[in-house]
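# Structural features, examined
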Amino acid sequence: MRYLFGPVNSRRLGISLGVDLVPHKTCSLNCVYCECGDTTALVTDVAEWVPTRDVIAELDAYLDGSPRLDVITFSGSGEPTLHSGIGEVIRHVRKRYPQYRIAVLTNGTMLVDPGVRRSINDADIVIPSLDAVDPEMFKRIARPAPGVRIDEVVEGLVAFRNEFSGTLLLEVFIVPGVNDGDGALAGLKDACLRIRPDRIQLNTLDRPGAVQWIRPATVEELHAIAARLAPLEVEIIGGPAEGEAVPSRQTPDLEKTILLTLRRRPSTIDDLRAALGVDPGLLEAALAKLRESGMVNVERLERGEFYRVV
């Protein structure tokens, strides 16, 4: 699959089939915590980055078998709303496969454009991010493309909330020492009260990010921040999803599948087992070969050893 990945057992959405609409890594931000690594195409150009009809054909080939999924999620190697055909793909899935929920994970920067807002209005769930409202703090965390202004981003989120009837979950990613101070949290709270999300998802580093200096917030720190954001409803996002794994399936080219998965998100061996439904022995053997070839390395974090593409 070129444009689909997974399904993975998402800690937020359940069993999720990913749809990747941009080449790695095309984005309007270069966030310090991004699990996809540094942005290589830092742009705000809305374009047909990959052929829309090819994405739809790949979705049809996969979904016509009625796989067991909870959600189809537009995310992956960059910012999905940069693709001019995202609305067409969403409408196709909505019409032909109404049994599946549709989610869009976005950094929110392109919602300043009314056309982009309309393009994702048929989704069931939209999860934009907002990590800081102070311009200098925003630049330090998000490292945006030229022309991206945080005050305009907030206005775009407010406008989208007014137009969108689905579930809006606003992700706030905490970078300790940067956006967890009194002033930063007060500004975020004011913006969130204007945006009126159904829920705030408070997140922190769980996988290797794009820079070395960032550390995860502790559970205690996250609970204290959640209390500061009251009366807004806040959900603290924990570790990887637990429970039923993705059903076991045959993977013809396991090493290539692993590389495609790791390119989008560094993963522990347990993450890969849950996401790919592959025999543990085969998975360990494939990872050993990839390490020996120098294509994959290992980075240790609090949650364990993460494999990532070199």
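Look up a bit, the structure's there.
Residues numbered from 1 in each chain as written. Predicted model: local features only at pLDDT ≥ 70, side-chain atom pairs only at ≥ 80, totals over all residues. Heavy atoms only, no water.

With that settled, the discussion passes to the packing of aromatic side chains. Each aromatic ring pair is characterised by the separation of its centres together with the angle its planes make. Under the defined criterion, the tally for this structure stands at two aromatic pairs. Centre to centre, the rings of Phe160 and Phe164 are 4.8 Å apart; their planes meet at 15°, and the pair counts as stacked. Neither Phe160 nor Phe164 differs from the other in exposure class; each is buried. Cation over ring: Arg140 sits above Trp213, and NZ or CZ is 5.0 Å from the ring centre. (Phe/Tyr/Trp six-rings, centres within 6.5 Å; stacked < 30°, edge-to-face > 60°. Buried < 20%, exposed > 50% of the residue type's maximum accessible area, 1.4 Å probe, protein only. Lys NZ or Arg CZ within 6 Å of the ring centre and 35° of its normal.)

One finds Tyr33, Leu59, Phe74 and Leu130 to be the most contacted residues of the largest nonpolar core, which totals 77 residues. Ignoring anything within four residues of it in the chain, the contact list for Leu130 reads Ile150, Val154, Leu157, Leu170, Glu171, Val172, Leu188, Ala191 and Ile195. Of all hydrophobic cores here, the second largest spans 16 residues; its members include Leu262, Leu276, Leu283 and Val296. (Core = buried A, V, L, I, M, F, W, Y, C linked by side-chain atoms within 4.5 Å. Contact = heavy atoms within 4.5 Å.)

This next bit is on the sheet that holds strand β2 (residues 14-19). Across the sheet, which stays open at both edges, the eight strands sit in the order β1-β2-β5-β6-β7-β8-β9-β10 with mixed pairing between neighbours. The open sheet has two edge strands with one neighbour each: β1 (4-10) and β10 (234-236). Strand-to-strand, the axes of this sheet are offset by a mean angle of 25°, without reference to chain direction. Pairing between strand β5 (residues 71-74) and strand β6 (residues 101-106): four bridges, direction parallel. In the sheet register, Thr73 faces β6, and the bridge partner there is Ala103. Contacts between helix α1 (residues 52-63) and the sheet are confined to β1, β2 and β5, with β2 contributing the most and set at about 145° to the helix. (Pairing = 2+ DSSP bridges. Helix = DSSP H or I, 4+ residues; strand = E, 2+ residues; numbered from the N terminus. Axes fitted to C-alpha atoms, helices over the stretch in contact; angles between N-to-C directions.)

Further remarks concern the state of the cysteines. Covalent bonding between the sulfur atoms of two cysteines defines a disulfide. On inspection of all chains with the given rule, the structure shows zero disulfides. Cysteine Cys192 shares no disulfide, and the gap to the nearest cysteine sulfur, in Cys31, comes to 16 Å. Classification of Cys192 by relative accessible area gives buried; the value is 1%. (Disulfide = S-S within 2.5 Å.)

With that out of the way, let us pick up unusual backbone geometry. It is generally the case that most residues other than glycine have a negative phi and that most peptide bonds are trans. Residue Lys25 is reached from His24 by a cis peptide bond, and omega for that bond is -15°. By secondary structure assignment, the location of Lys25 is in the loop between β2 and β3 (26-27). Backbone torsion omega between Ala230 and Pro231 reads 15°, so that peptide bond is classified as cis. Take Pro231: it is sitting in the loop between α7 (219-228) and β10. Even without a glycine there, the phi angle at Ser66 is positive, about 50°. Tracing the backbone through its elements, the reader meets Ser66 in the loop between α1 and β5. By relative accessible area, Ser66 is classed as exposed at 53%.

Before going further, it helps to spend a moment on the pattern of salt bridges. Taken as a whole and assessed by the stated rule, the structure comprises 16 salt bridges. Of the charged contacts, one joins Asp182 and Arg228 as a salt bridge, the two residues approaching to 3.0 Å between their closest N and O atoms. Residue Asp182 is found in helix α6 (residues 182-195), and its partner Arg228 is found in helix α7; the two are separated by 46 residues along the sequence. On the basis of relative accessibility, which here comes to 55%, the residue Asp182 falls in the exposed class. In this structure, Arg273 and Glu284 form a salt bridge, with 2.7 Å as the shortest nitrogen-oxygen distance. Of the two residues, Arg273 sits in helix α9 (residues 269-276) while Glu284 sits in helix α10 (residues 280-292), which places them 11 residues apart along the sequence. For Glu284, a relative accessible area of 41% gives the class partly exposed. Shared partners join several salt bridges into a network, and the residues in it are Asp60, Asp64 and Arg96. (Salt bridge = Lys/Arg side-chain N within 4 Å of Asp/Glu carboxyl O.)

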